[in-house]
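Spelled out, the chains give:
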Amino acid sequence: MLNNKKVLLLILIIALAGLYFLFFNKVQDQNNIKLISAQADRGDIVSIVTANGSLQPNLEIRIHPEINGVIKEVNVDTNENVSKGQVLAKIGSNSYSIKLNEAKAKYNKASTDLKLDKDTFNANKTLHDKDLISRQEFDTSRAKYKNALASFEEAKTTLNIAESNLEKTNIKSTIDGIVLSKNITNGQIVSGSNNTEPLFTIADGLENLNLIINVSEADIGKTKNGQQVSFKVSSFPEKSFAGNIIKISNSPNTSKNIVTYDITASIDNSALLLKPGMTAEVNIIIANKKNVLRVPTSALRFVPVNAEYISSANSGQLSVWVKNSGNKLTEIPVTTGVSNNEYTEINDDGTLKEGQEIVIESFVNNSSSKSLITLPQPKRF
């Protein structure tokens, strides 16, 4: 029983194959294959790499407090322009002023003691050289002088720290720029640690921004410094912005086995339409050829399915098929240049001429539904 089923299945397959062969022979005999063609012409070709990116300031500084204390003044708000050295906020300074006065007093005493002990040591040295005082008395004055010198240096260091801490009660901007964010209020207790949230985030102006583009490892080799980029942001969907690549990172970013590289493009934002953090859909212009001989890219993928239509062929080469009289096709080998999804440049060596009809696709009439069926194409590249 099982063998009979296998025989029946084999007969059915053979019958279907025969019907398929007879159908297509009939179609071809009736000349039902339709060839879609386009002319080789001259025009521009722009080759691009698409990617996503985000806008960032050229320089972004996070301001943290360097000492502990309570905020007594906040002098700026978000979106305000600030200058280098400008006081943004103040920490209560009473305790630091007291410590500074104490340090000054200790410094003055240490300075006086040092002068006195130095004079005594110098005098005793003269007397000791003349054997007018004992060795022990001289050694005692020398030790006292050294101790006074050490105390003076310690008092000087303490004074410098106290002066610095008092100055640090003034929280200042370190650059000229604009305040992007502020996380500070009067009465807030702050700690001199970078582990805390920054009090202010300042950018060095928004007239020029950086566009950080994430480019796949497959495309990174096509990019280089100086190439143009165009991009759009969701806030202005009808407007295209432009820039130029200034840096290509060699450090990979890996996420879920996908490797990308960061490319930085410089963006002129004189109109101040763009803001830090905006995401962008980016086109990197890899090549821009003007007035070159070109064919539709689909023409390079076309392969005739019926040898009856071929009058001349050059098998194994990248080629296009030229349509002649009577639907006869001639294969012309070509060398390509810049390409995109729509057009591919053909090196102008005279083999293919402008105006020739190039086949890009073929269809067959479906007599049952009176529609066209696209014929399958072998994958060439």
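Residues numbered from 1 in each chain as written. Predicted model: local features only at pLDDT ≥ 70, side-chain atom pairs only at ≥ 80, totals over all residues. Heavy atoms only, no water.

Colleague: Hey, could you run me through the confidence of the model for the protein chain in this one?
Modeller: Predicted coordinates in regions of low pLDDT should not be interpreted in detail. Taken as a whole, the protein chain shows an average pLDDT of 86; of its residues, 83% reach a score of 70 or greater. Note on residues 19-30: pLDDT under 50 across the span, and six contacts to partners over four residues away in sequence or across chains. Residue range residues 368-376 is modelled with pLDDT below 50. Its contacts to residues more than four positions away, or to other chains, number 21 contacts. (pLDDT = per-residue confidence, 0-100. Contact = heavy atoms within 4.5 Å.)

Colleague: Honestly, the pattern of salt bridges in this entry has me stumped. Any pointers?
Modeller: In a structure, side chains of opposite charge can pair up when their charged atoms sit close to one another. According to the stated counting rule, one finds 15 salt bridges in the structure shown. With its nearest N and O atoms 3.4 Å apart, the salt bridge here joins arginine 42 to glutamate 354. With a gap of 312 residues between them, arginine 42 in strand β2 (residues 41-57) and glutamate 354 in the loop between β20 (343-346) and β21 (357-366) connect regions that are remote in the sequence. The partly exposed category is assigned to arginine 42, whose relative accessible area is 32%. Its salt-bridge partner being lysine 290, residue aspartate 44 comes within 3.9 Å of it at the nearest N-O pair. (Salt bridge = Lys/Arg side-chain N within 4 Å of Asp/Glu carboxyl O. Helix = DSSP H or I, 4+ residues; strand = E, 2+ residues; numbered from the N terminus. Buried < 20%, exposed > 50% of the residue type's maximum accessible area, 1.4 Å probe, protein only.)

Colleague: What should I look at first to understand the packing of aromatic side chains in this one?
Modeller: Aromatic rings in a pair are described by how distant their centres are and how their planes are angled relative to each other. Tallying each qualifying case throughout the model produces five aromatic pairs. When the ring of phenylalanine 231 is compared with that of phenylalanine 241, the centres are 5.6 Å apart and the planes differ by 25 degrees; the resulting orientation is stacked. Of this pair, phenylalanine 231 sits in strand β12 (residues 228-232) while phenylalanine 241 sits in strand β13 (residues 241-255), and the two are 10 residues apart along the sequence. A relative accessible area of 9% places phenylalanine 241 in the buried class. Among the aromatic residues, those joined into a ring-pair cluster are Phe121, Phe138 and Tyr145. The ring of phenylalanine 241 carries lysine 239 above its face, with NZ or CZ at 5.4 Å from the centroid. Across the ring face of tyrosine 343, the terminal group of arginine 294 is positioned such that the distance to the ring centre comes to 3.7 Å. (Phe/Tyr/Trp six-rings, centres within 6.5 Å; stacked < 30°, edge-to-face > 60°. Lys NZ or Arg CZ within 6 Å of the ring centre and 35° of its normal.)

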